[in-house]
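# Chain and residue survey
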Amino acid sequence: MCTRLLTFSLLSLLAGSGIAADEDFRLLFPDDGPPKGWTVREWNDLTKKVDAPWTVKDGILQTGSRRGTWLVSDKEYGDFILEVEIKLTEKGNSGIALRAPMYGDPAFDGMELQVADFRYNTQAKDSELTGGIYRAIAPSKQVYKPTEWNKFRVELKGVHLKVTLNGEVIQDVDLDKYDQPVKRHDNSNAPPVKDRPRRGHIGFQHLSRDGPVMIRGARIKVLE
């Protein structure tokens, strides 16, 4: 598909999804094929590259067949607005990495905005459900729509985090107030949210058990 036609398709997707046009936003995945400026890495250790291609087709990013990966930006971001739509399967599990360093697990060494179907883990705590900063900050409400497109808007400015999901604000917090350590998967302590990086990489996770993660309309506005 030619670049002009793909750009038109992406703009049509944005219009159809209700995401307003704004020339200050930059599309993250403007071209079909493997995303340029991104690397696939191990889900719990970003130092490890993985041969499990993600690809864009007709404006929709889909994960590779290998479960347990992150698609991570080569570029770092500090303050920004990120808008994206994500669609999961019935036992889908994804996440959005925010200000992650290129090492360790974004959920504990940066921040992970959790995106998961309720059926993936029926014992999940509130902070492990969609809209939570994983294991650290629970969302104020659950407005996730199973197996449908879910519209996220993430605003990060200094210590302020605001997340809007499907038109409803679910996070509006001062990160400096979260001063308690968080337990990693091996039960060791991760840094409290207030001590995590103020600048880092963004990324998207594939940890679903029964199918791909689908992503469309991803775009970013840098506030720095």
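Residues numbered from 1 in each chain as written. Predicted model: local features only at pLDDT ≥ 70, side-chain atom pairs only at ≥ 80, totals over all residues. Heavy atoms only, no water.

## Observations regarding the environment of Glu23
Going by this rule: Put simply, DSSP H or I for four residues or longer makes a helix, DSSP E for two residues or longer makes a strand, and each gets a number counted from the N terminus. In this scheme, a residue with accessible area under 20% of its type's maximum is buried, one over 50% is exposed, and one in between is partly exposed, where area comes from a 1.4 Å probe on protein chains only.
Relative to the elements of secondary structure, Glu23 occurs in the loop between helix H1 (3-17) and strand E1 (26-27). When its relative accessible area of 77% is taken as the criterion, Glu23 is described as exposed. Between the C-alpha atoms of Glu23 and Lys221, which are 198 residues apart in sequence, the distance is 9.1 Å.

## Quick notes on the packing of aromatic side chains
Using the following cut-off: In summary, the pairing rule links any two rings of Phe, Tyr or Trp, Trp by its six-membered ring, whose centres are within 6.5 Å, and it sorts them by plane angle into stacked for under 30 degrees, edge-to-face for over 60 and tilted for everything else. Lysine NZ or arginine CZ positioned within 6 Å of the ring centre and within 35 degrees of the ring normal marks a charge as sitting over the ring.
Here the structure, examined in full by the defined rule, presents six aromatic pairs. For the ring pair Phe29 and Trp38, a centre distance of 4.8 Å and an interplane angle of 40 degrees mean the geometry is tilted. Like Trp38, Phe29 is buried. Taking the centre distance of 6.1 Å and the plane angle of 35 degrees together, the rings of Trp38 and Phe204 count as tilted. Highlighted residues: Trp38 in strand E2 (residues 38-42) and Phe204 in strand E15 (residues 200-206), separated in sequence by 166 residues. Each member of the pair, Trp38 as well as Phe204, carries the same accessibility label: buried. Put simply, the rings of Phe29, Trp38 and Phe204 touch in pairs and so form one group of aromatic residues. The positively charged end of Arg209 is found above the aromatic ring belonging to Tyr120, 4.0 Å away from the centroid.

## Examining the pattern of salt bridges
Pairing between side chains of opposite charge can happen when the charged atoms of each approach one another. Convention followed: Each salt bridge in this description consists of a side-chain nitrogen of Lys or Arg and a carboxyl oxygen of Asp or Glu lying within 4 Å of one another.
Applying the stated criterion across every chain, the model contains 15 salt bridges. Through salt bridges with shared partners, a single ionic network connects Glu83, Arg153, Glu155 and Arg219.

## What about the confidence of the model for the chain?
Applicable threshold: Known as pLDDT, the predictor's confidence for each residue is given on a scale from 0 to 100. Should any heavy atoms of two residues lie within 4.5 Å, those residues are counted as being in contact.
Residues with a pLDDT of 70 or more make up 91% of the chain, whose mean pLDDT is 93. Contacts of residues 1-9 to residues separated by more than four positions or lying in other chains number 10 contacts, the stretch itself having pLDDT below 50.

## Notes on the side chain of Asp79
Stated formally: We call two N or O atoms a polar contact when they sit within 3.5 Å, provided that within protein one can donate a hydrogen and the other can accept it, with sequence-adjacent residues counted only if both atoms are side-chain atoms.
Along the polypeptide, Asp79 turns up in the loop between strand E6 (69-77) and strand E7 (80-87). A distance of 2.9 Å separates polar atoms of two side chains, one belonging to Asp79 and the other to Arg99. Only 2.8 Å separates the side chain of Asp79 from the backbone nitrogen of Gly158, close enough to count as a polar contact. In this structure, Asp79 is in contact with Arg99, Leu156, Lys157, Gly158, Lys221, Val222, Leu223 and Glu224, ignoring residues within four places of it in sequence.

## Quick look at unusual backbone geometry
Despite not being glycine, Asp58 shows a phi value in the positive range, around 55 degrees. Positive phi, normally seen in glycine, also occurs at Asn187, with a value near 75 degrees. Following the sequence through the fold, Asn187 ends up in the loop between strand E13 (182-183) and strand E14 (189-190). Asn187 sits in the exposed class, given a relative accessible area of 54%.

## Topic: the side chain of Thr63
Among the structural elements, Thr63 can be located in the loop between strand E5 (60-62) and E6. A residue is classified by how much of its surface remains accessible, and Thr63, at 10% relative accessible area, is buried. At 3.1 Å, the side chain of Thr63 forms a polar contact with the backbone nitrogen of Val213. Setting aside anything within four residues of it in sequence, one finds Thr63 in contact with Pro53, Trp54, His206, Pro212 and Val213.

## Overview of the environment of Ile60
With respect to the helices and strands, Ile60 occurs in strand E5. Spatially, the C-alpha atom of Ile60 lies 25 Å from that of Gln142, the residues being 82 residues apart in sequence.

## Regarding the environment of Ala107
Turning to its location among the elements, Ala107 is positioned in helix H2 (residues 106-109). Separated by 112 residues in sequence, Ala107 and Arg219 place their C-alpha atoms 21 Å apart. The contact partners of Ala107, leaving out residues within four places of it in the chain, are Glu112, Tyr134 and Arg196.

## A short note on the pairing of strand E9 (residues 111-116)
Judged by how many residues are buried, E9 sits mostly within the fold: six of six residues are covered. Neither face of E9 is exposed, since Met111, Leu113 and Val115 on one face and Glu112, Gln114 and Ala116 on the opposite face are all buried.

## Here we look at the nonpolar core
Note the following rule: Among buried residues, those of type Ala, Val, Leu, Ile, Met, Phe, Trp, Tyr and Cys that are joined through side-chain atoms within 4.5 Å constitute a nonpolar core.
Grouped together as the largest cluster of nonpolar side chains are 41 residues, with contacts concentrated most on Leu28, Phe29, Ile86, Ile96, Phe204 and Ile215. When residues of this core are assigned to their parent elements, the largest contribution, four residues, is made by E7. When residues no more than four places from it in sequence are discounted, the contact partners of Ile215 are Trp54, Gly59, Ile60, Leu61, Val84, Glu85, Ile86, Trp149 and Phe204.

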